[in-house]
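Spelled out, the chains give:
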Amino acid sequence: MSEKRSQFPLPLSSVTGEKTRKAAAPAPVATPQTATQNARQNQAHQPGSHRGSVAPATPGTTKPAQPQQTVVRSDLAATEAPRRAMAARAARQGVKDPQVLAALEIVPRHMFVEPGMLAQAYVDISLPIGHNQTISQPYIVARMIELLKGSGQPLRRVLEIGTGCGYQAAVLSCVAQEVYSIERIKPLHELAKANLRPLRIANLRLQYGDGMLGLPQVAPFDGIILAAAGLEVPRALLEQMAIGARLVAPVGAQVQHLQRITRTGKAEWTSETLEACHFVPLRPGIA
Ligand code: SAH
C-alpha cells in the first residue's frame, strides 16, 4: 500500500456554498426500491452504452435540471458544475468538513452509475447498481465520512464494508491515507474495479469477501464505515478498531439509525445513536 495521496486528474478546488449553510436537513430515505423509483421518476435519458446527458444538479431539489450537455463518462470538465453544486448542497444540508466537501466535489459520481442513469448522477438520491444494491445518496456518504473523521487526528487506515460500485471508496481515498474496501458480491467487486481503474487511485485496495469478518491481516483501523445495515455491528469489526478509532454504521432493520462507535480502551467502546437512515442489508458470506 502506497502512502501517496490519491491523484485525481482534477485539482482539489475550494468548496462553494459555505456562506449559505443552513441547519442539517433530515436525510431522505432510500431503499433499493426507492432507488429504482427515484431513477424512474428522474429518468431523462434513454440508456446508451457510455453516453448520456448529465444534468447540472439544482441545489436544494431532488429534480435534475434539463439536460444541457451530452458527455462521455471520461469527460470530467463537463461535470464540474454539477459536482460543485452537489458539494454545495451537502454543505447546506449540514456537512461542514471542508476536506469531505472537497472530496465530494472532486469524485466524478457519474463514472459509478449505470450508463442509463447518467442524467441522475448528481441528484441527491441513491440509484440502483444491479444485484438489488444501490449507490448511496451523496449526502449520506459525506455525512458518514464526516462522522468518521470527527475533529481528531487525520485518518490513516480506513476499512469500508460494502464497496458496491466503488463510489464511497473513491471519496474515502481523498480523506484517508489508506483505504480498504470489501464487497461480498463478486460481480459488484468486479464492477467497482472497472469503475475505479481510470481514476488510478494509489491508496485504495478492493477485497472480495465477507466484510462482517473485517480484514484482520490489515487491522487495526483508524476508521471503519459500513455501507449496509445489520441488526448490530459485527464483533470482529469492533475488535479490529485501533484504540481511539471510530466506526460509523447504519444499524436496524425496517427502522435504521446511524450509529457511531468509538473504541476508548482495550475492552471499552462508547456508542452514539444519530439520525435515521435507510441502507441495504448487511449479509453474511459471499455471493
Ligand atoms: N459503498 C457503496 C454503497 C454500496 S451498497 C457506494 O459507494 O455507494 C452496500 C453494499 O454492501 C452492497 O454492494 C452489498 O453487496 C454490500 N454488502 C452487504 N453485506 C456485506 C458484507 N457482509 N460484506 C461485504 N459487502 C457487503
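Provided above is the structure to which this section pertains.
Values in this document were obtained by computation on a predicted structure and should not be read as measured data.

Digging into the pattern of salt bridges
For the coordinates displayed, the defined rule picks out 11 salt bridges. A salt bridge links Arg84 to Glu105, with the nearest nitrogen and oxygen atoms 3.8 Å apart. With Arg84 in helix H2 (residues 80–92) and Glu105 in helix H3 (residues 98–106), the pair connects residues that are 21 residues apart, well separated along the chain. For Arg84, a relative accessible area of 30% corresponds to the partly exposed category. Via salt bridges that share partners, Glu80, Arg84 and Glu105 belong to a single interconnected network.

Details of the site of the ligand
Around the ligand, a shell composed of 26 residues is seen, among which Ser136, Gln168, Glu183, Gly211 and Arg283 lie nearest. Measuring from a nitrogen atom of the ligand, one finds a side-chain N or O atom of Glu160 at 2.9 Å. If the ligand stood free it would expose 580 Å²; the protein chains cover 99% of that surface. Those elements that place two or more of their residues in the shell around the ligand are strand S4 (133–135), strand S5 (155–161), helix H5 (167–173) and strand S6 (176–183). The greatest single-element share of the shell around the ligand, amounting to 3 residues, is contributed by S4.

Observations regarding the environment of Arg143
Mapped onto the elements, Arg143 comes out in helix H4 (residues 138–149). Arg143 sits in the buried class, given a relative accessible area of 19%. For Arg143 and Gln93, which are 50 residues apart along the polypeptide, the C-alpha to C-alpha distance reads 9.3 Å. Contact partners of Arg143, with chain neighbours within four places excluded, come to Val95, Leu258 and Glu275.

Observations concerning the packing of H2 against H3
Across the interface, H2 lies against H3 with an axial gap of 7 Å and an inter-helix angle of 150 degrees. Classified by the angle their axes make, H2 and H3 are roughly antiparallel. Between H2 and H3 lies a crossing of right-handed hand. Residue-level contacts link Arg83, Arg84, Met86, Ala87, Ala90 and Ala91 of H2 to Leu101, Leu104, Glu105 and Ile106 of H3. Here the contact of H2 with H3 is composed, by residue class, of 7 nonpolar, no polar and 3 charged.

Calculation criteria
- Residues numbered from 1 in each chain as written.
- Predicted model: local features only at pLDDT ≥ 70, side-chain atom pairs only at ≥ 80, totals over all residues.
- Heavy atoms only, no water.
- Salt bridge = Lys/Arg side-chain N within 4 Å of Asp/Glu carboxyl O.
- Helix = DSSP H or I, 4+ residues; strand = E, 2+ residues; numbered from the N terminus.
- Buried < 20%, exposed > 50% of the residue type's maximum accessible area, 1.4 Å probe, protein only.
- Near = heavy atom within 4 Å.
- Polar contact = N/O pair within 3.5 Å; in protein donor to acceptor, adjacent residues only side chain to side chain.
- Areas by Shrake-Rupley, 256 points an atom, 1.4 Å probe, with all protein chains shown as cover.
- Contact = heavy atoms within 4.5 Å.
- Axes fitted to C-alpha atoms, helices over the stretch in contact; angles between N-to-C directions.
- Parallel < 35°, antiparallel > 145°, perpendicular 65-115°, else oblique.
- Left-handed = near helix turned anticlockwise from the far one by under 90°.
- Nonpolar A, V, L, I, M, F, W, Y, C, P; charged D, E, K, R; others polar.

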